[in-house]
Amino acid sequence: IFTGIVVILVLLLGGYGYQWRKTSRNEQGWKVYFEGNKTAEPERWEKLKKVSSDYSSLMVGQFAATQIADHYFDEAKKQSEKDAGVIAPSANLATEWYSKALSSSALIAPNERGLLLINRAGSYEMAQNWDAAMADYTESAKIGFEGKALALLGQARVYELKKENTKAIETYEKVSAD
């Protein structure tokens, strides 16, 4: 009986200790994240990269990776608007950071995964990597979340870019039917 009580106490204390460490690490991560967001560019992005790296298994790490990816996506979009037809280097950086956010074990909802896939597909489009964009749009559409129509529209747009107009029309019709 005594041994059983000791084992139960050790398990309880171990569980409590683990939970306390995880909670304090999470709080520290959010603190560093918010402090990093208060700094000016380009230092902000370096601080957020460190948050993403140091807290990659926590939601704060995924948030930081997504914010960095969104920043590079916006830069690529601006670059693409200036020089149409030229692949913006930031598009590849956006893809890299969306991939990091997608690899996070902190993703909990299908909506998060679906939207990140759509965003990464958009960065693949700007990098003119049509097959990778199509793969992400297709995976996102299969998740079955509120953003499915966005994923299907992305698929149709990529079909157009690949000059596969019949498939593009079929996909647009699928969006309007849903």
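Residues numbered from 1 in each chain as written. Predicted model: local features only at pLDDT ≥ 70, side-chain atom pairs only at ≥ 80, totals over all residues. Heavy atoms only, no water.

> Quick question: what am I supposed to make of unusual backbone geometry here?
Backbone phi values are negative for most residues with the exception of glycine, while trans is the configuration of most peptide bonds. Cis geometry is adopted by the peptide bond preceding proline 42, which originates at glutamate 41 and carries an omega value of -5°. Secondary-structure assignment places proline 42 in the loop between α1 (2-37) and α2 (43-54). With a phi close to 60°, glutamine 128 is a non-glycine residue in the positive phi region. Checked against the element boundaries, glutamine 128 lands in the loop between α5 (110-126) and α6 (130-143). One non-glycine residue with positive phi stands out, namely lysine 163, at about 65°. Topologically, lysine 163 is positioned in the loop between α7 (148-161) and α8 (165-177). Residue lysine 163 is classed as exposed on the basis of its relative accessible area, which comes to 68%. (Helix = DSSP H or I, 4+ residues; strand = E, 2+ residues; numbered from the N terminus. Buried < 20%, exposed > 50% of the residue type's maximum accessible area, 1.4 Å probe, protein only.)

> It is not clear to me how the packing of α2 against helix α3 (residues 59-82) should be interpreted in this structure. Could you clarify?
The relative placement of two packed helices comes down to the angle between their axes together with the axis-to-axis distance. Remark: α2 packs on α3, axes separated minimally by 8 Å, with the N-to-C direction vectors making an angle of 145°. Pair α2 / α3 crosses with left-handed handedness. Along its contact with α2, which presents Arg44, Trp45, Leu48, Lys49, Val51 and Ser52, the element α3 presents Val60, Gly61, Ala64, Ala65, Gln67, Ile68, His71 and Tyr72. Across the contact of α2 with α3, the residue classes tally to 8 nonpolar, 4 polar and 2 charged. (Axes fitted to C-alpha atoms, helices over the stretch in contact; angles between N-to-C directions. Left-handed = near helix turned anticlockwise from the far one by under 90°. Contact = heavy atoms within 4.5 Å. Nonpolar A, V, L, I, M, F, W, Y, C, P; charged D, E, K, R; others polar.)

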